[in-house]
Amino acid sequence: MDNALLHGIILAFGLILPLGVQNVFIFNQGAQQPNILRSLPAVVTAGMCDTLLIILAVSGISALVSAIHALKLGVMGAGILFLLYMGWSIWSSKTHTQASTPCMTPKKQVIFAATVSLLNPHAILDTIGVIGTSSIAYSGADKLVFTLSCILVSWIWFIGLALTGRTIGKIDTSGNVQKLINKGSAIIIWLIALYMIFIMLEGNF
């Protein structure tokens, strides 16, 4: 059981740590909202979406997606277009000190967080492929511990990300740090999209 717990924690952190659309959005909401409670809709939605993906992966959906080539191809194709668009959106987005528009409403936070969580093919394939495949090694209580540890890491990470964004938003009154993070994140997202295009062209998926 201890091995399942440690495995789940390390694996979940490894998948969630890299900068991506979801992480940048949560960070920005922490930085832009007037207080941390106002960013909770984004945090809770991202956490629930990750929880759903992890449960689906552990329950065996990974085998279904892997078995249906056309489904996987469709997910990757649509996802590449989504990543290219989101990269541009993040690259051109204004920081909390530059924005002239009101903060994102709770409803928009929920919609956007769900979109970047559930339409990101890299995250979906990582969750389903890596976590789903890894869960096969466990059964019974060990599998439950593995699943819960992955879910717990996601929630802790999103809460911490929003808090970090809030802290940096207070310190970085010029918005320069947030701008650099956005630019760097956009480049990483574009690189992921290009890598996925390469994989599709090579047929190695």
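A brief structural summary. (Residues numbered from 1 in each chain as written. Predicted model: local features only at pLDDT ≥ 70, side-chain atom pairs only at ≥ 80, totals over all residues. Heavy atoms only, no water.)

### Concerning a nonpolar patch on the surface
- Side chains of L37, L40, V44 and M48 sit close together on the surface and give an oily, nonpolar patch of about 370 Å² of accessible area.
- Inspection of the secondary structure puts V44 in helix α3 (residues 40–67). (Patch = residues over 30% accessible without salt bridge, like charges linked within 9 Å, V, L, I, M, F, W, Y side chains within 5 Å. Areas by Shrake-Rupley, 256 points an atom, 1.4 Å probe, with all protein chains shown as cover. Salt bridge = Lys/Arg side-chain N within 4 Å of Asp/Glu carboxyl O. Helix = DSSP H or I, 4+ residues; strand = E, 2+ residues; numbered from the N terminus.)

### What to know about the packing of helix α2 (residues 21–32) against helix α5 (residues 106–118)
- One way to put it is that α2 packs onto α5 with a least axis distance of 8 Å and a crossing angle of 155°. Taken together, the axis directions place α2 and α5 in an arrangement best described as roughly antiparallel. At the point where α2 passes α5, the crossing takes the left-handed sense. Residues V21, Q22, F25 and Q29 of α2 form the contact with α5, whose participating residues are Q109, F112, A113, V116 and S117.
- Grouping the constituent residues of the contact of α2 with α5 by class yields five nonpolar, four polar and no charged. (Axes fitted to C-alpha atoms, helices over the stretch in contact; angles between N-to-C directions. Parallel < 35°, antiparallel > 145°, perpendicular 65-115°, else oblique. Left-handed = near helix turned anticlockwise from the far one by under 90°. Contact = heavy atoms within 4.5 Å. Nonpolar A, V, L, I, M, F, W, Y, C, P; charged D, E, K, R; others polar.)

### Quick notes on the packing of α2 against helix α8 (residues 176–202)
- The N-to-C vectors of α2 and α8 enclose an angle of 165°; their axes lie 10 Å apart at closest approach. Between α2 and α8, the angle falls in the class roughly antiparallel. The two elements α2 and α8 cross, and the hand of that crossing is left-handed. Between α2, through V21, V24, F27, N28, A31 and Q32, and α8, the contact on the second element is made entirely by Q178, I181, N182, S185 and I189.
- Partitioned by chemical class, the residues of the contact of α2 with α8 number six nonpolar, five polar and no charged.

### Details of the environment of L56
- Mapped onto the elements of the fold, L56 is located in helix α3.
- Among the residues examined, L56 registers a relative accessible area of 33% and is labelled partly exposed.
- Sequence separation between L56 and T127 is 71 residues, and the spatial gap between their C-alpha atoms is 9.2 Å. (Buried < 20%, exposed > 50% of the residue type's maximum accessible area, 1.4 Å probe, protein only.)

### A short note on α5
- For α5, which comprises 13 residues, the first-to-last C-alpha distance of 18 Å matches the rise-based estimate of 18 Å (1.5 Å per residue) to within 8%.
- Buried within α5 we find Q109, A113, V116 and S117. Projected down its long axis, α5 shows its buried positions confined to an angular sector of 100°, all on one face. Exposed side of α5, more than 90 degrees from the buried face: K107 and K108 are the residues found there. (Expected span 1.5 Å × (residues − 1). Arc of directions from axis to C-beta.)

### Overview of the nonpolar core
- Counting 15 residues, the largest nonpolar core has V21, L83, I90 and M196 as its most contacted members.
- Secondary-structure elements contributing two or more residues to this core are α2, α4 (69–92) and α8.
- Aside from chain neighbours lying at most four places away, what touches V21 is L83, M86, I90, V116 and I189.
- One finds A4, L11, V145 and V153 within the second-largest nonpolar core, a separate group that totals twelve residues. (Core = buried A, V, L, I, M, F, W, Y, C linked by side-chain atoms within 4.5 Å.)

The quantities given are spatial measurements derived from coordinates; they are silent on function.
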